[in-house]
Amino acid sequence: FPKDKDGNLLHRDVPLSDTWKALMQEKKAGKVRSIGVSNFSTQEIKDMTEGGAEMPAVNQVEAHVCWNQEKLRKEMQELGVTVVAYSPLGNSGFHGEKSGISSDLVG
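Source: prediction; values computed, not measured.

K.L.:
Quick question: what am I supposed to make of the side chain of histidine 64 here?
P.N.:
Structurally, the position occupied by histidine 64 is in the loop between β2 (58-62) and α3 (70-79). Given the relative accessible area of 5%, histidine 64 is considered buried. There is a polar contact of 2.9 Å between the side chain of histidine 64 and the side chain of glutamate 62.

K.L.:
Sorry if this is basic, but what is going on with the sheet that holds β2 here?
P.N.:
Strand pairing in a sheet relies on backbone hydrogen bonds, with the paired strands running either antiparallel or parallel. Spatial strand order, β1-β2-β3: three strands in an open sheet with parallel pairing. Each edge of the open sheet is held by one strand with a lone partner, namely β1 (37-38) and β3 (82-86).

K.L.:
I tried to follow unusual backbone geometry on my own but got confused; where do I start?
P.N.:
As a rule of thumb, non-glycine residues mostly have phi less than zero, and peptide bonds are mostly trans rather than cis. Phi is positive for asparagine 39, which is not a glycine, with a value near 65°. Here asparagine 39 falls in the partly exposed class, since its relative accessible area comes to 44%. Non-glycine residue glutamine 69 carries a positive phi angle of around 55°. Structurally, the position occupied by glutamine 69 is in the loop between β2 and α3.

Scoring rules and cut-offs
- Residues numbered from 1 in each chain as written.
- Predicted model: local features only at pLDDT ≥ 70, side-chain atom pairs only at ≥ 80, totals over all residues.
- Heavy atoms only, no water.
- Helix = DSSP H or I, 4+ residues; strand = E, 2+ residues; numbered from the N terminus.
- Buried < 20%, exposed > 50% of the residue type's maximum accessible area, 1.4 Å probe, protein only.
- Polar contact = N/O pair within 3.5 Å; in protein donor to acceptor, adjacent residues only side chain to side chain.
- Pairing = 2+ DSSP bridges.

Taken by themselves, the reported measurements are silent on function.
Shown next, in the form of structure tokens:
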């Protein structure tokens, strides 16, 4: 990462679409087979791929029985983006149950 003379990281305002285009060039060069994103909204993906850029292969989001992401899953399907769930058994800390999941389905 670029640093200044004191060793501090230099931050730049690079549009996400520019970063995505650079990643697509790496894919074209054969350095990666597919590229995905995590926790992106439908609008963020549309903005990122504006101008005909290739869609991400996947969008990894928290999805489980307590938060099924139905609207987002439908929108991703319409865009051709596969949704990958993390915390598929639920996020017990977020949903108020600190001791873990209590269910006959989960042993």
